[in-house]
Amino acid sequence: MSVIVRDEEGKLLLLCKGADSVMFERLAINGRKYEEETREHVNEYANAGLRTLILAYRGLSEEEYQVFNEKFVEAKNSVSADRETMIDEVAKKVEKDLILLGATAVEDKLQQGVPECIDKLAQAGIKIWVLTGDKMETAINIGYASSLLRQGMKQIIINLESPKITELEKVGDKDAVTKASRESVLQQIMNGKFQVAASSSEAFALIIDGKSLAYALEENIKKLFLELAIGCASVICCRSSPIQKALVTRLVKEGTKKTTLAIGDGANDVGMLQEADIGIGISGVEGMQAVMSSDISIAQFRFLERLLLVHGHWCYRRISSMICYFFYKNPAYNDWFLSLYNVLFTSLPVIALGVLDQDVSARYCLKFPLLYQEGVQNVLFSWRRIIGWMFNGLCSAIIIFFLCTKALDPQAFNKDGKVAGYQILGATMYTCVIWVVNCQMALAVSYFTLIQHIVIWGGIALWYLFLLAYGAMPPSISTTAYKVFVESLAPSPFFYIVTIFAVISALTPYFLYNAIQLRFFPMYHGMIQWIRHDGRCDDPDYCNMVRQRSIRPTTVGFTARSLARTNPLEMENIN
């Protein structure tokens, strides 16, 4: 990044700062006086975990500035898709022949809770890549500090620091440097793939610098690079430019067909945030550009843990359950019955389920991060589950229909010997449907609140109030429902007996299926619910047994690192 200023004497100066991998290439021959000392200092700072920048300058003539300014304004005003590329090309033409000033080193500590957050996300099965502009040494230190790297994890380092390429750079043959660099990156990627394929019991970390990444993202190499990266437990791309961050994000999104989430706090992360399926900006000291370009804003990185593992799991379960329930509950009857069925009698319980239900508390969501994998694997919204709910609705409909028709026909319905006509049959059957649908919702709810009690039982009460009000209207309006409740249904005990038996019979198949599944074939959230209901949440052995399902040998994070250190043989056997 550069600025152009005019000093007190009227001279134009270009002041430039940037990464050492870029800045040293742009120094003039007479501007390298302190290059070796500066390189040593930068490496020392990077090894200490500090973030480094190189500072340089050059003088500009009035003519050179005018030519640059015209081209820069033209590039800025461009509305084409390659506007940013045009600006970069114009800047490169003036950011050359620089004179080295020195280097800066700034300590940038990890925010509170970052290692713990990364550990929980890794246990949830989320693959974590780091795209940073820091030097490789700094990035590696941050990797160890955040538990993305651990002792014993084999590192595949891809860079262009070979003697052959260094010699070509000194000669200044750019074409030869480009060819040799491309071949070197390709060879290192192939060697890395061979290492990963040859050892399935070890965890690998891929570390690649910005220069190498530029070649790895080329059309004929990027597929191989992605295959290597997917096989590694950790991926760190250091000295990455903003465009490279966006390109890596696009490569993962399009190459794996997975949902990608990017999180960043600076202007350099804007492209990455916009390219990802979900962009999360961290508001902080580095400005608001990332926040303004993101889908969601949080104050600290550690809040990502609760956002994904708690609210992400809850939202997935709520939405999937709500949609499946709609497939279950929709029948057709009298015009007004049909119109108000989804508006008054059964809609509010579904909304309450979609907003308030919690199959597992926030504490258990954080304690057992593998719950998040239920959403990643889509186990709650598969075609099997949707068809299962539709089949449940079909079974309930068949049970209600045949039980009501056989029970009400042809014997007398009340003490006067009146038989049940289609008006009484329809109202009775509809009453059973309202009861069954709302009681089915009560069985499906895992976390009852006062609101859910009100909307479920209130929906049933509202149906009886509607029968009274609708039946009191003139026959021209109420049609088949004219005084059907007051004169026919309410005085007859048979109406209540049929309703009770229909509700019990229609809900029995779901109850039995749910009980058998929970007892013999529990899903992961079912196991955790048993921990809570059986009072085994304080049993460390049982909880540890369940939790271990979420820790893989190649998982990053301090939990997996601790397990590998204390019991490496067990880790190998699990693999």
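Residues numbered from 1 in each chain as written. Predicted model: local features only at pLDDT ≥ 70, side-chain atom pairs only at ≥ 80, totals over all residues. Heavy atoms only, no water.

For the protein chain, an unreviewed UniProt entry supplies the name Phospholipid-transporting ATPase and the organism Forsythia ovata. Per UniProt, the comment on the protein chain under Cofactor (unreviewed entry) is "Mg(2+)". Reading the Subcellular location (unreviewed entry) entry of the UniProt record for the protein chain gives the comment "Membrane". (UniProt positions renumbered as here; feature names shortened; annotations may be inferred.)

The next point concerns the sheet that holds strand β4 (residues 99-106). The four strands lie next to each other as β1-β2-β3-β4, forming an open sheet whose pairing is antiparallel. Unpaired on one side and paired on the other, β1 (2-6) and β4 mark the two borders of the sheet. In this sheet, neighbouring strand axes are inclined to one another by 20° on average, regardless of whether the strands run parallel or antiparallel. As judged from the seven bridges shared by strand β3 (residues 51-60) and β4, these two strands associate in the antiparallel manner. Looking at β4, one finds that T52 is bridged to A105. (Pairing = 2+ DSSP bridges. Helix = DSSP H or I, 4+ residues; strand = E, 2+ residues; numbered from the N terminus. Axes fitted to C-alpha atoms, helices over the stretch in contact; angles between N-to-C directions.)

Sheet strands associate in pairs through backbone hydrogen bonding, adopting either a parallel or an antiparallel arrangement. Taken together, the three strands give an open sheet; going across it, the order is β9-β10-β11, and neighbouring strands pair in parallel fashion. Each end of this open sheet is capped by a strand with a single partner; those strands are β9 (261-264) and β11 (296-298). Averaged over all pairs of adjacent strands, the angle between their axes in this sheet comes to 20°, without regard to strand direction. Relative to strand β10 (residues 278-282), β9 runs parallel, the two sharing four bridges. Considered in β10, the bridge of A262 is made with G279.

Here, UniProt's "binding site: Mg(2+)" (unreviewed entry) annotation points to D265 and D269. A residue is classified by how much of its surface remains accessible, and D265, at 27% relative accessible area, is partly exposed. Checked against the element boundaries, D269 lands in the loop between β9 and α12 (270-275). Here D269 falls in the buried class, since its relative accessible area comes to 8%. Sequence-distant contacts of D269, that is, excluding residues within four places in its chain, are made with K245 and G264. (Buried < 20%, exposed > 50% of the residue type's maximum accessible area, 1.4 Å probe, protein only. Contact = heavy atoms within 4.5 Å.)

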